[in-house]
Amino acid sequence: MPQAKAAGAAAGPKPAALQPIDRGTLWDRAYAALREALLTGRYEPGHRILLRDIAAELGISLTPVRDAVNHLIAERILRRGTGGQGGGAVVPEVDAGQLRQLLIMRAELESRAAHEAAAHVTPADLETLRGLLADMKRLIDADGHQGYLDVHRRFHFHIYAMSGMDILEDAIETLWLRCGPVLNLVLPEYVPYLKRMDYHAEAVAALARGDADGAAHAIRCDILEAGRYIQALLDRAQA
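Criteria and cut-off values
Residues numbered from 1 in each chain as written. Predicted model: local features only at pLDDT ≥ 70, side-chain atom pairs only at ≥ 80, totals over all residues. Heavy atoms only, no water. Helix = DSSP H or I, 4+ residues; strand = E, 2+ residues; numbered from the N terminus. Buried < 20%, exposed > 50% of the residue type's maximum accessible area, 1.4 Å probe, protein only. Pairing = 2+ DSSP bridges. Lys, Arg positive; Asp, Glu negative; His and termini not counted. Salt bridge = Lys/Arg side-chain N within 4 Å of Asp/Glu carboxyl O. Polar contact = N/O pair within 3.5 Å; in protein donor to acceptor, adjacent residues only side chain to side chain. Contact = heavy atoms within 4.5 Å. Core = buried A, V, L, I, M, F, W, Y, C linked by side-chain atoms within 4.5 Å. Domains from an automatic or database assignment. Expected span 1.5 Å × (residues − 1). 1 Å grid on protein atoms, 1.4 Å probe; cavity = no way out; pocket = protein on both sides within 12 Å on 5 of 7 lines; lining within 4 Å. Points joined across faces, edges and corners; volume = space filled by probe spheres on them. Nonpolar A, V, L, I, M, F, W, Y, C, P; charged D, E, K, R; others polar.

- Under the annotation held in an unreviewed UniProt entry, the chain carries the name GntR family transcriptional regulator and is attributed to Bordetella genomosp. 9.

Structure, rendered in structure tokens:
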């Protein structure tokens, strides 16, 4: 009898099956992490992105990292490295002519987003923007300017999110993905120029008074004035 009881116990209901791991979540994680790194200028033009290094940093396998990199290559944000898919990717070089095109497009789209944002700004938005503006002024003097580009991006995209135009915001982000590495490359030489201009503060002031044209003008000037300076740096470097 004891033996029969033991056998019956073994034949009981099976434990619940383990839930399969959602590979799509890992792909999204790798894709979002790489986009964030590019947006904040973590990688300079020409930097080689190795799949195994990214996988190790994120604590995931190579497959979702490879999927994310392939997607960025298809979007022309990255260029495929040597050795096929196993060779990872390279952050493309951007010459002065390409940068000029990117900045023209940025100036048109971002000034429009700032114009639309003026109709939706709230006191909470202004408080956030002023806080980010203060952080930028502090970080520009920090050793190596660590964190400046990240706060700079958050400042701009908070304004663009206020526009309520998500398709426009997506297009702007794609342009930033291609500009971010160049900004990282030239930031040390660009710092003195940043201290002489304050279009960011002008944009906040215009938004505070509901001046859509003023906000658009400040953002447009910020992009084009910076672009002229950066293009001059690139021209010298590529001469």
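**Quick word on unusual backbone geometry**
Here comes step 1: Positioned with a positive phi, Arg-76 is a non-glycine residue whose angle comes to about 65°.
Here comes step 2: By secondary structure assignment, the location of Arg-76 is in the loop between α4 (62-74) and β2 (79-80).
Here comes step 3: The class for Arg-76 is exposed, based on a relative accessible area of 61%.

**Considerations on the sheet that holds strand β1 (residues 48-49)**
Here comes step 1: The antiparallel open sheet is built from three strands, whose spatial order is β1-β3-β2. Strands with a single pairing partner mark the edges of an open sheet, and in this sheet they are β1 and β2.
Here comes step 2: As paired elements, β1 and strand β3 (residues 89-90) share two bridges and run antiparallel to each other. When the bridges of β3 are listed, Ile-49 appears paired with Ala-89.

**Considering the side chain of Asp-222**
Here comes step 1: The topology assignment puts Asp-222 in helix α10 (residues 212-238).
Here comes step 2: Although Asp-222 lies buried, it forms no salt bridge, and the closest oppositely charged side chain, Arg-106, sits 5.6 Å away as judged by the N-O distance.
Here comes step 3: At 3.1 Å, the side chain of Asp-222 forms a polar contact with the side chain of His-156.
Here comes step 4: Dropping the residues within four chain positions of it, Asp-222 is found in contact with His-156, Met-197, Tyr-199 and His-200.

**Re the nonpolar core**
Here comes step 1: Residues Ile-159 and Leu-207 are the most contacted members of the largest nonpolar core, which totals 68 residues.
Here comes step 2: With ten residues, helix α8 (residues 166-196) is the single largest residue contributor to this core.
Here comes step 3: Looking at this core, you find at least three residues from each of domain 1 (25-91) and domain 2 (96-238).
Here comes step 4: Aside from chain neighbours lying at most four places away, what touches Leu-207 is Ala-114, Ala-117, Ala-118, Val-121, Leu-126, Leu-129, Ile-159, Met-162 and Ala-215.

**Brief notes about helix α7 (residues 148-162)**
Here comes step 1: Helix length check: α7, at 15 residues, gives a terminal C-alpha distance of 22 Å against a target of 21 Å (1.5 Å per residue), a fit within 8%.
Here comes step 2: Within α7, eleven of the 15 residues are buried, which leaves it mostly tucked inside the rest of the structure.
Here comes step 3: Listed in full, the buried residues belonging to α7 are Tyr-148, Leu-149, Val-151, His-152, Arg-153, Phe-155, His-156, Phe-157, Ile-159, Tyr-160 and Met-162.
Here comes step 4: Of the residues one or two after α7, Gly-164 is the one with positive phi, at around 75°.

**Considerations on the layout of surface pockets**
Here comes step 1: Approximately 260 Å³ is the volume attributed to the largest pocket.
Here comes step 2: Lining the largest pocket are 15 residues, and of these Arg-76, Val-94, Gln-98, Leu-102 and Arg-178 lie nearest its centre.
Here comes step 3: Secondary-structure elements contributing two or more residues to the lining of the largest pocket are α5 (96-117) and α8.
Here comes step 4: Residues that form the lining of the largest pocket fall into these classes: ten nonpolar, two polar and three charged.
Here comes step 5: In terms of domain composition, the lining of the largest pocket takes at least three residues from each of domain 1 (25-91) and domain 2 (96-238).

**Focus on the pattern of salt bridges**
Here comes step 1: Per the stated rule, a full pass over the model turns up 13 salt bridges.
Here comes step 2: Here Glu-36 ties to Arg-153 by a salt bridge, and the two come within 2.5 Å at their closest N and O atoms. Of this pair, Glu-36 sits in helix α2 (residues 23-39) while Arg-153 sits in helix α7, and the two are 117 residues apart along the sequence.
Here comes step 3: Accessibility expressed as a relative area gives 34% for Glu-36, which makes it partly exposed.
Here comes step 4: Owing to a relative accessible area of 11%, Arg-153 belongs among the buried residues under this scheme.
Here comes step 5: Between Arg-154 and Asp-150 there is a salt bridge, and its shortest N-O distance comes to 3.9 Å. Residue Arg-154 and its partner Asp-150 are both found in helix α7; the two are separated by four residues, about one turn of the helix.
Here comes step 6: On the basis of relative accessible area, Arg-154 is assigned to the partly exposed category, the value being 40%.
Here comes step 7: Looking at Asp-150, the relative accessible area reads 26%, which means it is partly exposed.
Here comes step 8: A network of salt bridges, in which partner residues are shared, links Glu-36, Asp-150, Arg-153 and Arg-154.

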